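# Observations on the three-dimensional arrangement
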Amino acid sequence: MKTIDLRFTINGAKERVSIPPHRTLLELLRDDLQLIGTKEGCGHGECGACTVMLDGVTVNSCLVLAAEIDGRSVTTIEGLRSGDKLHPVQQAFIDESGYQCGFCTSGVILSTKALLDANPHPSDDEIRQALAGNFCRCTGYTKIFESVQAAAKGLEGDR
Amino acid sequence: MGVEGIGASVVRKEDKRFITGKGHYTDDIRLHGMTYAHFVRSPHAHARVAGIDASAALKMPGVVAVLTGRQLVDDKIGNLICGWMIHSKDGSPMHMGAWPAMAPDTVRFVGQAVAVVIAETRNQARDAAEAVAVDYKELPAVSTIKAALAPGAPQLHPEAPGNIVYDWSIGDKAATDAAFAGAAHVVALELTNNRLIPNAMEPRSAIADYDAAEDHYTLHTTSQNPHVARLVLSAFYNIAPEHKLRVIAPDVGGGFGSKIYVYPEEMVALWAARKVQRPVKWTADRTESFLTDAHGRDHVSKAEMAFDANHRMLGLRVATLANFGAYMSLFSSAVPTYLYATLLSGQYVIPTIYAEVKGVYTNTTPVDAYRGAGRPEANYLLERLVETAARTLKVDPAELRRKNFITTFPYQTPVIMTYDTGDYHASLDAALKAIDYAGFPARKAAARKRGVLRGLGLSCYIEACGIAPSKAVGSLGAGVGLWESAEIRVNPVGTIEVLTGSHSHGQGHETTFAQVVAERLGIPIAQVSVVHGDTDKVQFGMGTYGSRSAAVGISAVIKAMEKMEAKARRIAAHQLEVAEDDIVIENGEFKVAGTDKKLAFASIALAAYTAHNLPEGMEPGLKETAFYDPSNFTFPAGAYAAEVEVDPATGRTTFVNFVAADDFGRLINPMIVEGQVHGGLAQGIGQALMEGAVYDGEGQLVTASYMDYTMPRAADLPSFDLRHTTTICPSNPAGVKGCGEAGAIGASAATVNAITDAIGNNRLEMPATPDRVWAAIHGNG
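Thresholds, definitions, all that
Residues numbered from 1 in each chain as written. Chains lettered and ligands numbered in written order. Predicted model: local features only at pLDDT ≥ 70, side-chain atom pairs only at ≥ 80, totals over all residues. Heavy atoms only, no water. Helix = DSSP H or I, 4+ residues; strand = E, 2+ residues; numbered from the N terminus. Buried < 20%, exposed > 50% of the residue type's maximum accessible area, 1.4 Å probe, protein only. Lys, Arg positive; Asp, Glu negative; His and termini not counted. Charge placed at Lys NZ, Arg CZ, Asp CG, Glu CD. Pairing = 2+ DSSP bridges. Axes fitted to C-alpha atoms, helices over the stretch in contact; angles between N-to-C directions. Contact = heavy atoms within 4.5 Å. Salt bridge = Lys/Arg side-chain N within 4 Å of Asp/Glu carboxyl O. Buried area = accessible area lost by both parts, 1.4 Å probe. Polar contact = N/O pair within 3.5 Å; in protein donor to acceptor, adjacent residues only side chain to side chain. Nonpolar A, V, L, I, M, F, W, Y, C, P; charged D, E, K, R; others polar. Domains from an automatic or database assignment. Parallel < 35°, antiparallel > 145°, perpendicular 65-115°, else oblique. Left-handed = near helix turned anticlockwise from the far one by under 90°. pLDDT = per-residue confidence, 0-100. Core = buried A, V, L, I, M, F, W, Y, C linked by side-chain atoms within 4.5 Å.

Before going further, it helps to examine the overall build of chain A. When its secondary structure is counted, chain A shows five helices and five strands. In sequence order, the secondary structure elements of chain A are arranged as β-β-α-β-β-β-α-α-α-α. The dimensions of chain A, computed from C-alpha atoms along their principal axes, are 50 × 30 × 25 Å. Every one of the 159 residues in chain A was classed for burial, and the buried ones make up 59%. The averaged location of the 21 negative side-chain charges in chain A is 3 Å from the averaged location of its 16 positive side-chain charges.

Moving on to the sheet that holds strand β1 (residues 4-10) of chain A. Residue and element names in this part refer to chain A. Ordered in space as β2-β1-β5-β3-β4, the five strands form an open sheet in which the pairing is mixed. Taken across any chain shown, the strands that pair with only one partner, and hence form the sheet edges, are β2 (13-19) and β4 (57-60). Strand-to-strand twist of the sheet, defined as the mean angle between neighbouring strand axes without regard to direction, takes the value 40°. As defined by bridge partners, strand β3 (residues 51-54) adjoins β4 across four bridges and the pair is classed as antiparallel. Looking at the pairing, threonine 51 lines up with asparagine 60 of β4. In this fold helix α3 (residues 105-118) packs onto β3, β4 and β5 (73-75), with an angle of close to 40° to the strand it touches most, β3.

With that settled, consider the pattern of salt bridges. Residue and element names in this part refer to chain A. This structure, assessed with the given rule, holds 59 salt bridges over all chains. Between aspartate 84 and arginine 81 there is a salt bridge; the shortest N-O distance is 3.8 Å. Residues lysine 113 and aspartate 117 are paired through a salt bridge, measuring 2.9 Å at the closest nitrogen-oxygen approach. Here lysine 113 pairs with aspartate 117, and both are found in helix α3, just four residues apart, close to one helical turn. The exposure class of lysine 113 is buried, given its relative accessible area of 15%. In this structure aspartate 117 comes out as partly exposed when scored by relative accessible area, which is 47%.

All right, on to the interface of chain B and chain A then. The partner chain A presents 47 residues to the 53 residues of chain B that form the contact. With both sides pooled, the region where chain B packs onto chain A buries about 4,200 Å², and carbon together with sulfur makes up 55% of that total. It is Ile19, Met201 and Arg713 of chain B that lose the most area in chain B upon contact with chain A, and together they represent 18% of the buried surface on that side. Taken together, the links from chain B to chain A amount to eight salt bridges. Across the salt bridge formed by lysine 39 of chain A and aspartate 28 of chain B, the nearest N and O atoms sit 2.5 Å from each other. The tally of links from chain B across to chain A stands at 24 residue pairs in polar contact (both at pLDDT 80 or more). Mapped onto the side of chain B that touches chain A, the elements with two or more residues apiece are α1 (15-19), α4 (122-130), α9 (286-292) and α18 (670-689) of chain B. Class assignment of the residues belonging to the side of chain B that touches chain A gives a composition of 23 nonpolar, 17 polar and 13 charged.

All names here are of chain B. Ordered by their spatial adjacency, five strands build an open sheet running β7-β15-β14-β13-β8, and the pairing between neighbours is mixed. Each having just a single partner strand, β7 (164-171) and β8 (185-193) make up the two edges of the open sheet. Between one strand axis and the next, the sheet turns by 10° as a mean value, whatever way the strands run. Pairing of β8 with strand β13 (residues 299-307) involves nine bridges; the strand directions are antiparallel. Its bridge partner being in β13, histidine 185 is matched across the sheet by phenylalanine 307.

Residues and elements named next belong to chain B. Looking at the assigned domains, one finds that chain B contains domain 1 (15-20 + 483-628), domain 2 (31-139 + 201-254 + 259-292) and domain 3 (379-389 + 396-465 + 632-777). Inter-centroid distance (C-alpha atoms) of domain 1 to domain 2 is 40 Å. Taken together, both faces of the contact between domain 1 and domain 2 bury some 1,500 Å²; the carbon and sulfur share is 53%. Applying the counting rule to domain 1 against domain 2 returns three salt bridges. With a shortest N-O distance of 3.5 Å, arginine 246 and aspartate 536 are connected by a salt bridge. Along the lines of polarity and charge, the residues of the side of domain 1 that touches domain 2 split into five nonpolar, nine polar and three charged.

Right, let's get into the environment of isoleucine 94 of chain A. With respect to the helices, strands and loops of the structure, isoleucine 94 of chain A is situated in helix α2 (residues 88-95). Relative accessible area serves as the criterion here: at 8%, isoleucine 94 of chain A is assigned to the buried category. Isoleucine 94 of chain A sits 13 residues away from arginine 81 of chain A along the chain, and the two C-alpha atoms are 14 Å apart. Excluding its chain neighbours within four sequence positions, the residues that come into contact with isoleucine 94 of chain A are Leu86 and Tyr99 of chain A together with Val11, Asp15, Lys16 and Ile19 of chain B.

Glancing now at the environment of alanine 212 of chain B. For alanine 212 of chain B, the position within the fold is in the loop between β9 (205-211) and β10 (216-221). For the pair alanine 212 of chain B and glutamine 347 of chain B, spaced 135 residues apart in sequence, the C-alpha to C-alpha distance is 57 Å.

The next subject is the pairing of strand β26 (residues 637-647) of chain B. Residues and elements named next belong to chain B. Of all 11 residues in β26, 10 are buried, a share of seventy percent or more. Taken together, the 10 bridges between strand β18 (residues 453-462) and β26 define a ladder with antiparallel strand orientation. Following the sheet pairing, isoleucine 462 is matched in β26 by alanine 637. Note: β26 against strand β27 (residues 652-663), 11 bridges, orientation antiparallel. Opposite glutamate 643, over in β27, you have asparagine 657 as the bridge partner. Here β26 folds back onto β27 in antiparallel fashion, the turn holding four residues, of which glycine 651 has a positive phi close to 80°.

Residues and elements named next belong to chain A. Along helix α1 (residues 25-32), the residues classified as buried are Leu25, Leu26, Leu28, Leu29 and Arg30. Against β1, β2, β3, β4 and β5 lie the buried residues of α1. The first or second residue beyond α1 is glutamine 34, which carries a positive phi of 60°.

Residue and element names in this part refer to chain A. Contact geometry for α2 and α3: axes closest at 10 Å, N-to-C directions at 125°. With respect to α3, the axis of α2 lies oblique. The interaxial crossing formed by α2 with α3 has right-handed handedness. Across the interface between the two elements, Val89, Gln90 and Phe93 of α2 pack against Val108, Ile109, Thr112, Lys113 and Leu116 of α3. Residues belonging to the contact of α2 with α3 are distributed by class as follows: five nonpolar, two polar and one charged.

A few words on the confidence of the model for chain B. Of the residues in chain B, 99% have a pLDDT of 70 or more, and the chain-wide mean is 96. As scored by the predictor, the complex reaches a pTM of 0.97 and an ipTM of 0.97.

Our next topic: unusual backbone geometry. Residue and element names in this part refer to chain B. In the segment running from phenylalanine 409 into proline 410, the intervening peptide bond is cis, with an omega of -5°. Tracing the chain through its elements places proline 410 in the loop between α11 (397-404) and β16 (411-412). Of note, the bond from isoleucine 467 into alanine 468 is cis; its omega dihedral lies within 30 degrees of zero at -10°. Position of alanine 468 relative to the elements: it lies in the loop between β18 and α14 (470-475). Phi at glutamine 277 is positive, roughly 55°, even though this residue is not glycine. Following the sequence through the fold, glutamine 277 ends up in the loop between α8 (264-276) and β12 (280-283). A relative accessible area of 46% means that glutamine 277 is categorised as partly exposed. If you check the backbone angles, arginine 297 has positive phi at about 65° while not being a glycine. Following the sequence through the fold, arginine 297 ends up in the loop between α9 and β13.

Judged by nonpolar contacts, the single largest core of 142 residues is most densely connected at Leu233, Tyr237, Met305, Leu316 and Leu344 of chain B. Considering every element that reaches this core, the biggest residue donor is helix α10 (residues 375-393) of chain B, with nine residues. Those residues in contact with leucine 233 of chain B, other than ones at most four positions away along the chain, are Leu219, Asn238, Ile239, Ala240, Leu245, Val262, Met267 and Leu270 of chain B. The next biggest cluster of nonpolar side chains, apart from the first, holds 87 residues, and it includes Leu80, Cys101 and Leu155 of chain A together with Met690 of chain B.

Okay, structure coming up:
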């Protein structure tokens, strides 16, 4: 089978792969790189469970062809912590119980990180809009909003 | 309470793996040599399968096998079962057609499997499934209850004439008719309870592995009750005997009922793994989830309530038609009967109740328990009827409820249940205070000046949880007992493993169960780990559904702890040379009351395992098991108050406030309870405002993707104001009632009552989408 060669940065590390051209970014992450923290909830770009950051911007990795990441930088849930220290967004979601079953959580965390990177002091409405692409069926979102607010405070303390 | 014990909002022990992407869900697991399954599914709602030609598919790259429903029959694999026998009012057993895991002859809903392709990769299996040629001879289909019951309607199963599974009743018809004959007022309402699709964010998945040398199967699956799955697969489907089948439900990404059932795909994966002598993995795509996960609700009802001249309730009469879809799923038969009609008394003294329920087959996806399961349908019906009555009789809705509340306990309803405790005035008062009920007329008037319609709706719900006393459910037709088991394994160093038959798929059991154990001994929860979800580790269990894990599962843990503590106490008394009664347990130590003599729990554990100095005749070790069978259901109850604004120009509803005042008995971890309530409210509000499965007249599911099935997103929901009133549950040692379903049970009626109050028009069905609300205001008023 014909393959294509890609060079990219994944969670800060340089990576090279040779893969079939029809691979999606989600398949590349889960099947080739064993980064299984990113989940497939629908495969249609509707649920947000597969959200990752591509050059700092959130994308649904099920809708991105792996070929598109050549020369670019991808951040997944596995890339947030440094050593044993959790990222402030992760810590905030623990402290505020911002998830239950955990399946949508990686995507929610990445969307939160992208929001707070761009807008360190979001309003309630901005939080709701920023997370409108991530379905959560467990929490009813209230504790997610509280987690995002706590994360904003936590990041402030980090600066 | 200690800082980590009962009542403390401890952050969850399971959080770190979920927050770092290290949760291990079924689809994350890979086995050596694994193959992938993709099912060939019917595009027709009703058709005869005249033939299947797999020759082209078998030649495609990577294809290992194509297996059909006929081969399942040849291998004597059993049909899917319904585990709860319901008898019609004439005494006849329910009329059920067979449900084969893959249809050999006839398909009866869109998405039903007829064959499966096993291939080296998921995409190869998917491609080859497209190449399987199935010769369908289409038959006329019925997709609604009305169409299924029409004269001359197409018949689904020869066993069920008229498409009727059962015609069941509960209560005293003659007494109820007499109450209506003598009533001063009768209020009536017709309403539907819309069909919902559960949509756990993790799609169902199964990995089956067959070890030919040992003739042993392992199934990794997305299950809320792995032991029940193993029992059913062994006892009814002829897959393998229980000791040759291990079922593992690892991290499971939400269930809401939809992962209780043993589905065709798990059966076929196990069977296929033996056929191809390699592991077989299947993971649903989202459209398969929409088409094949058991749906919920789908009732059409007529309800009437009789009142005396003083507005006291005299009687309730209900006739409900319940849509079961094309086949009877595992617990489906119990949902619109014993989980529904037994709750029709609500929080009220209603001297007599009579309800009839007809279960109906249609060419749609099977319907079974979904969060709340029968109780949301009962509460929606009753609370819309009570609100309608208040408006018709021109009395304050809160006052009408108060006048009829049950206030003495235990209370025997006319529909089986005996409520053990509750304080319905307290929860209603709490809700009304939180929402400023007294100030509402002024707010409504102010909104009117802005051109906006403001409404306030109440819903005083009750549910029966902690299912259930085994003897009671057995007498009502259940095929299993509904106890729970627990095992306490104390290690020689004094750490504890709690093995439970409950299963956590988001509920946080690894934390709450540990809190209960830690509290009893006064040790940190870090010294306690909770083991669940594996039939090789936990001996048996009935699993998690019906808000039963705390009331039944934790009660089993307490019972096992009591046994373990009794033995530890004997060891301590022996070594300290005192009487057992003199020992108190505190801060991880067994102390002699009034002295400084004590033994650390860890040293007692070590003594139990070294066995150098134990009381005469005592066995070594420190491990105890308990099976807890509840003495009654539990009865969580509460009052919900929704305040909304409706824009008359667009029909759009916006929440101003949503108050939930719940009585769950003792709270073990308030933070987790809040999360459970929030999630339930979101699903109840989703049902009220936006969710609904839509079939066209030919049985095609129109809402088979997130583009078409509207689920609440972050921007759609209000923040919730939660209050708690507490009556400790007297029926179990934990004092808990259960909190997992309340939100989904109480929220829909409060929301719709608020909208109908706003628009001054009661002709509104769920989901109350803007176009429906607009039509209610302008079109059909």
